[in-house]
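Spelled out, the chains give:
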Amino acid sequence: MTEIDVLYFAWVRERIGLPRERVTTGAATVAGLVAELAAREERYAAAFADISALRVALDQDLADFDAALDGVREVAFFPPMTGG
Amino acid sequence: MRVAVQAEPFDYGAESAAFAAAAEGAGAVVTFLGVVRDNGGALRAMEIEHYPGMTEKAIAGIVEEAAGRWPLTDALVIHRHGRLAPGEAIMMVATASRHRAAAFAAADFLMDYLKSRAPFWKKEIGSDGAEWVAAKDEDEAALGRW
């Protein structure tokens, strides 16, 4: 098991109800972490219901949901970006 | 090359003038200003959330990519976050190059990538509630141009 910081932005943050938390996980991949989080409570299940509507960053770089969590300290979940 | 992510307003005229004055060896300077639309009077404010740390890193990476594709002598990106009123400046891009084609193309490229690859999220606050702005398919498709 490892400890990682999990961050949420925009409507993901609002749906889950917090901007960040420390999570202890044994998940090997982002998808594994998502499954653990979604199983926690309804608000998490709602936020992760459709991962095609989400993006993920590992240590502040965009990544895929099948990416490994080896050595990762910070995972962020958010909707597609709307800058500019 | 300079990247600024800030809550404070910026002076587009002064920034553009300073950028152009410092653009030694450039024959072309292109600047772009993004402004909060008022949606026909329906918008009260725009709230822009971002991911501190990743935002600066992502924009620096986008600028570096542009500098690798076009012979830029300089580039500038300023992007605000926080609560903005209709008509306020959200962001600006400036590029300098020896010739205009590179300066225009690089500015266009920077805008396309800032829209879909820099971690900002816009929320529109209207008179009858607030709503997150959804990313548009055409914004993602625009990246395919490059």
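Scope of this entry: the structure provided in the associated data block. Just so you know, these numbers come straight off a predicted model, no measurement behind them.

The subject of this paragraph is the environment of S52(A). Residue and element names in this part refer to chain A. Within the element layout of this structure, S52 appears in the loop between α3 (42-47) and β3 (55-58). On the basis of relative accessible area, S52 is assigned to the exposed category, the value being 56%. Between the C-alpha atom of S52 and that of M1, which follows or precedes it by 51 residues, the distance is 27 Å. Of note is the side chain of S52, whose polar atom sits 2.6 Å from the side chain of D50.

This next bit is on the nonpolar core. Grouped together as the largest cluster of nonpolar side chains are 35 residues, with contacts concentrated most on L33(A), F48(A) and F77(A). Those elements that place two or more of their residues in this core are β1 (2-8), α1 (10-16), α2 (30-38), α3, β3 and β5 (74-78) of chain A. With sequence-adjacent residues up to four places away left out, L33(A) is seen in contact with I4(A), V6(A), V23(A), T25(A), A27(A), L69(A), V75(A) and F77(A). Core analysis: the second largest hydrophobic core is formed by 32 residues, I48(B), L72(B), L110(B) and F120(B) among them.

Moving on to the sheet that holds strand β1 (residues 2-6) of chain B. Residue and element names in this part refer to chain B. The strand order across the open sheet formed by four strands is β1-β4-β6-β2, and the pairing between neighbours is mixed. Both edges of this open sheet fall to β1 and β2 (28-35), since each of them pairs with a single strand only. Mean inter-strand twist for the sheet, computed between neighbouring axes without regard to direction, equals 5 degrees. Lying over the sheet, helix α3 (residues 100-117) contacts β2, β4 (72-80) and β6 (89-97), oriented at roughly 145 degrees with respect to β6.

Take the packing of aromatic side chains next. Scanning all chains against the criterion turns up 12 aromatic pairs over all chains. Geometrically, the ring pair formed by F78(A) and Y51(B) is edge-to-face, given 6.4 Å between the ring centres and 65 degrees between the ring planes. Of this pair, F78(A) sits in strand β5 while Y51(B) sits in the loop between β3 (43-50) and α2 (54-69), which puts the two residues in different chains. Neither residue differs from the other here; F78(A) and Y51(B) are each classed as buried. Between F78(A) and W121(B), the ring centres sit 5.0 Å apart and the planes meet at 50 degrees, which makes this aromatic pair tilted. Of this pair, F78(A) sits in strand β5 while W121(B) sits in strand β7 (residues 120-126), each in a different chain. Each member of the pair, F78(A) together with W121(B), is buried. Looking at R40(A), its charged tip hangs above the ring of Y44(A), at a distance of 5.0 Å from the centre.

What follows is about the interface of chain B and chain A. Interface size, as often reported, equals the accessible area lost upon joining of the parts. Counting from both sides, the interface comprises 25 residues of chain B and, opposite them, 21 residues of chain A. Counting each side, the surface lost to burial between chain B and chain A is near 1,800 Å², with a carbon and sulfur contribution of 57%. Across the pair R13(A) and E49(B) runs a salt bridge whose closest N-O atoms are separated by 2.6 Å. Between chain B and chain A we count 15 residue pairs in polar contact (both at pLDDT 80 or more) in total. For the side of chain B that touches chain A, the secondary-structure elements that each account for two or more residues are β3, α2, β6, α3 and β7 of chain B.

This next bit is on the environment of A28(A). Residue and element names in this part refer to chain A. Looking at the element boundaries, A28 is found in the loop between β2 (20-25) and α2. Separated by 24 residues in the primary sequence, A28 and I4 have C-alpha atoms spaced 12 Å apart. Residues contacting A28, with those up to four places away along its chain left out, are A67, A68 and L69.

Calculation rules
- One numbering rule holds for all chains: residues counted from 1, following each sequence as written.
- Here the convention is simple: chains get letters from A, ligands get numbers from 1, in the order in which they are written.
- Two thresholds apply to this predicted model, a pLDDT of at least 70 for residue-level local features and 80 or more for giving and counting side-chain atom pairs, whereas whole-chain, interface and lining totals are computed over all residues.
- Water and hydrogen atoms were dropped before computing side-chain values, which therefore reflect all heavy atoms in the structure.
- In this description a helix means any DSSP run of H or I spanning at least four residues, a strand means any run of E spanning at least two, and both kinds are numbered starting from the N terminus.
- Each residue is placed in one exposure class: buried if its accessible area under a 1.4 Å probe, protein chains only, is under 20% of its type's maximum, exposed if it is over 50%, and partly exposed if it falls in between.
- Two N or O atoms count as a polar contact when they lie within 3.5 Å, although within protein this holds only if one can serve as hydrogen donor and the other as acceptor, and sequence-adjacent residues are included solely when both atoms are side-chain atoms.
- In plain words, nonpolar cores are sets of buried Ala, Val, Leu, Ile, Met, Phe, Trp, Tyr and Cys residues tied together by side-chain atoms within 4.5 Å.
- Contacts are assigned to residue pairs that have any heavy atoms within 4.5 Å of one another.
- Think of it this way: DSSP has to see at least two bridges between two strands before they count as a pair.
- Axis definition: a line fitted to C-alpha atoms, limited for helices to the stretch in contact. Angles are taken between N-to-C directions and run from 0 to 180 degrees.
- The rule is short: rings of Phe, Tyr and Trp, with Trp giving its six-membered ring, pair when the centres are within 6.5 Å, and they are stacked under 30 degrees, edge-to-face over 60, tilted in between.
- Only when the NZ of Lys or the CZ of Arg is both within 6 Å of the ring centre and within 35 degrees of the ring normal is a charge said to sit over the ring.
- The quantity reported as buried area is the accessible area (1.4 Å probe) lost by two parts once they are put together, taken as the sum for both.
- Salt-bridge detection follows one rule: a side-chain nitrogen of Lys or Arg within 4 Å of a carboxyl oxygen of Asp or Glu.

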